[in-house]
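Close look at the chain arrangement
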Amino acid sequence: MSERAAPPVILDCDPGHDDAFAIALAAVHTELLGITTVAGNAPLAATTRNALVVAQVLDLDVAVHAGSPRPLVGEGRTAEFIHGDSGLDGPPPPELHRSALSNDAVRFIVDTVRARPGAVWIVATGPLTNVALALRVAPDLHEHLAGIAFMGGGVPFGNVTPAAEFNILVDPEAAHVVVSSGVRLVMAGLNVTHGWLVDGGVADDLRGTGSDAANFCAALIDYYCDAYARAFSGKAEGPLHDACAVLALTHPELFERESYHVEVELTGTHTRGMTVADLRGVRQSALANVEVLTSIDARAATALLIETFATYR
Ligand code: RIB
Ligand code: CA
């Protein structure tokens with residue numbers, strides 16, 4: 001695997017099948033400083049357990065810190081129709097021999113970022129609650145973060161509603177805090193993640209790399225693709241949403257991107273949770289605040305995924 005700088009990263013996630021692949025990629029291609037969990041695809045206890053399961057299956061020496069059990073405002077929503085009741089349905093989970101190092105993800109984020117000013121990225125692949133809370137409790141944090149790469153939103157469409165994508169819709173207020181923070185932002189929205197579909201063939205290629213970890217993650221893909229077939233398209237294939245947020249940072253050459261001004265709709269009857277990008281490209285456009293990924297080289301990304309799993313033993 002080619003040598004390139006491994007950016008120091010905190011991965012904030014809500015495992016979640018596609019979050020598991022974000023973890024697997026981040027563990028190899030970044031300096032993974034820690035995993036923080038948030039309620040999203042499943043309740044916090046489940047996403048935290050699932051992060052521990054994935055870290056154990058991948059044999060990672062990385063701590064997990066549990067974060068917020070609910071969004072900033074109101075109650076959350078979950079996504080059992082895709083991820084199952086456990087949040088990581090499919091392969092039988094191993095007997096878990098790990099536990100979360102703390103229940104204070106926000107403290108971990110703030111302390112870790114402050115310890116390495118200007119160096120640390122947050123990669124967020126769930127609702128942005130923990131990230132927003134960290135930005136709120138530490139007003140200096142935005143000066144010390146290298147950036148935030150997040151899977152969320154879509155330009156211009158959503159998935160839970162025509163306008164809103166799941167991670168943003170679970171906590172629109174948190175997303176508003178993030179897009180207003182002044183931090184360098186890279187957005188992997190549905191418009192790019194739907195360009196990278198995995199299927200049973202990719203699962204078979206993963207199995208071909210031979211490790212128990214690859215077999216476990218291949219079974220995650222099988223379950224995930226069947227869930228997408230039932231829920232959406234009828235075809236057993238699914239977008240590897242969260243993996244895009246990691247690769248945007250570690251392999252930027254796989255993507256095209258445009259910088260836009262993006263706001264998060266908080267009050268629309270039909271549009272709450274929408275990431276509203278100003279695509280007009282005129283002088284009236286507000287200054288761009290988000291690097292929006294617009295396309296992915298799916299073939300290269302899949303080849304990199306298989307190559308990455310070949311390093312797991
Ligand atoms: O809309 C897709 C996003 O919602 C992904 O992060 C998936 O894991 C779910 O959290
Ligand atoms: Ca996720």
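Throughout what follows, the structure given in this document is the object of discussion. (Residues numbered from 1 in each chain as written. Chains lettered and ligands numbered in written order. Predicted model: local features only at pLDDT ≥ 70, side-chain atom pairs only at ≥ 80, totals over all residues. Heavy atoms only, no water.)

A few points about the sheet that holds strand β6 (residues 185–188)
Note the following rule: Should DSSP find at least two bridges between two strands, the strands are regarded as paired. Secondary structure follows DSSP: runs of H or I at least 4 residues long count as helices, runs of E at least 2 residues long count as strands, and numbering of each begins at the N terminus. To obtain each axis, a line is fitted to C-alpha atoms, and for helices this fit is confined to the stretch in contact; angles are then taken between N-to-C directions over 0 to 180 degrees. The contact rule is simple, with two residues in contact once any of their heavy atoms fall within 4.5 Å.
Spatially, the eight strands line up as an open sheet ordered β3-β2-β1-β4-β5-β6-β12-β9, and their pairing is mixed. Looking at which strands have only one partner, the edges of the open sheet turn out to be β3 (64–66) and β9 (255–260). Each neighbouring strand pair of the sheet contributes to a mean axis angle of 25°, computed without reference to strand direction. Across the sheet, helix α1 (residues 17–29) lies against β1 (8–13) and β2 (31–37), angled at about 170° from β1, the strand it touches most.

Overview of the packing of helix α10 (residues 200–207) against helix α11 (residues 212–233)
Quick note on the threshold: Roughly parallel refers to an angle under 35 degrees, roughly antiparallel to one over 145, roughly perpendicular to one between 65 and 115, and oblique to any angle outside these ranges. Under the scheme applied, nonpolar residues are Ala, Val, Leu, Ile, Met, Phe, Trp, Tyr, Cys and Pro; charged residues are Asp, Glu, Lys and Arg; polar residues are all the others, including Gly.
Put simply, α10 and α11 touch, their axes get as near as 8 Å, and they point 175° apart. Between α10 and α11, the crossing angle belongs to the class labelled roughly antiparallel. Between α10 and α11, the contacting residues are G200, V202, A203, L206 and R207 on the first element and A214, N215, C217, A218, A219, I221 and D222 on the second. Residue composition of the contact of α10 with α11, by class: eight nonpolar, two polar and two charged.

Digging into the coordination of the calcium ion (ligand 2)
To keep it simple, the criterion reads: Metal sites are built from N, O and S donor atoms within 2.8 Å, or 3.2 Å for Na, K and Ca, and they leave out water, so they may look incomplete. Accessible area is worked out with a 1.4 Å probe on protein chains only. A residue is then buried under 20% of its type maximum, exposed over 50%, and partly exposed in between.
Around the calcium ion (ligand 2), the protein supplies D14 (OD), D19 (OD), D19 (OD), T125 (O) and D242 (OD) as donor atoms, at distances of 2.2 to 2.6 Å. Linear spacing of the donor residues for the calcium ion (ligand 2) on their chain is D-x4-D-x105-T-x116-D. Of this pair, D14 sits in the loop between β1 and α1 while T125 sits in the loop between β4 (121–124) and α5 (129–137), and the two are 111 residues apart along the sequence. Summarising the burial analysis for this pair, D14 and T125 share the class buried.

Description of the pattern of salt bridges
The test is simple: In the sections that follow, a salt bridge refers to a side-chain nitrogen of Lys or Arg positioned within 4 Å of a carboxyl oxygen of Asp or Glu.
Taken as a whole and judged by the stated rule, the model has twelve salt bridges. The partner of E31 in a salt bridge is R116, and the shortest N-O contact between them spans 2.8 Å. Taken together, the residues E31 in strand β2 and R116 in the loop between α4 (105–115) and β4 connect sequence positions 85 residues apart. Since its relative accessible area comes to 33%, E31 is described here as partly exposed. When salt bridges with common partners are traced through the structure, they connect R184, R257 and E291 into a single cluster.

Brief notes about unusual backbone geometry
At the junction of V155 and P156, the peptide bond is cis and its omega measures out at 5° in the coordinates. One can find P156 in the loop between β5 (147–151) and α7 (166–170). Phi is positive for D59, close to 55°, though the residue is something other than glycine. Mapped onto the elements of the fold, D59 is located in the loop between α2 (44–57) and β3. Here D59 falls in the exposed class, since its relative accessible area comes to 62%.

A closer look at the environment of S285
Position of S285 among the secondary structure elements: in the loop between β11 (275–277) and β12 (290–296). Between the C-alpha atom of S285 and that of H261, which follows or precedes it by 24 residues, the distance is 7.3 Å. When near neighbours in sequence (up to four residues on either side) are disregarded, S285 contacts D278 and R280.

Here's the deal with α4
Listed in full, the buried residues belonging to α4 are A105, V106, F108, I109, V110, T112 and V113. Buried residues belonging to α4 abut β1, β2, β3, β4, α5 and α6 (141–144).

These figures come from the coordinates and say nothing about function on their own.
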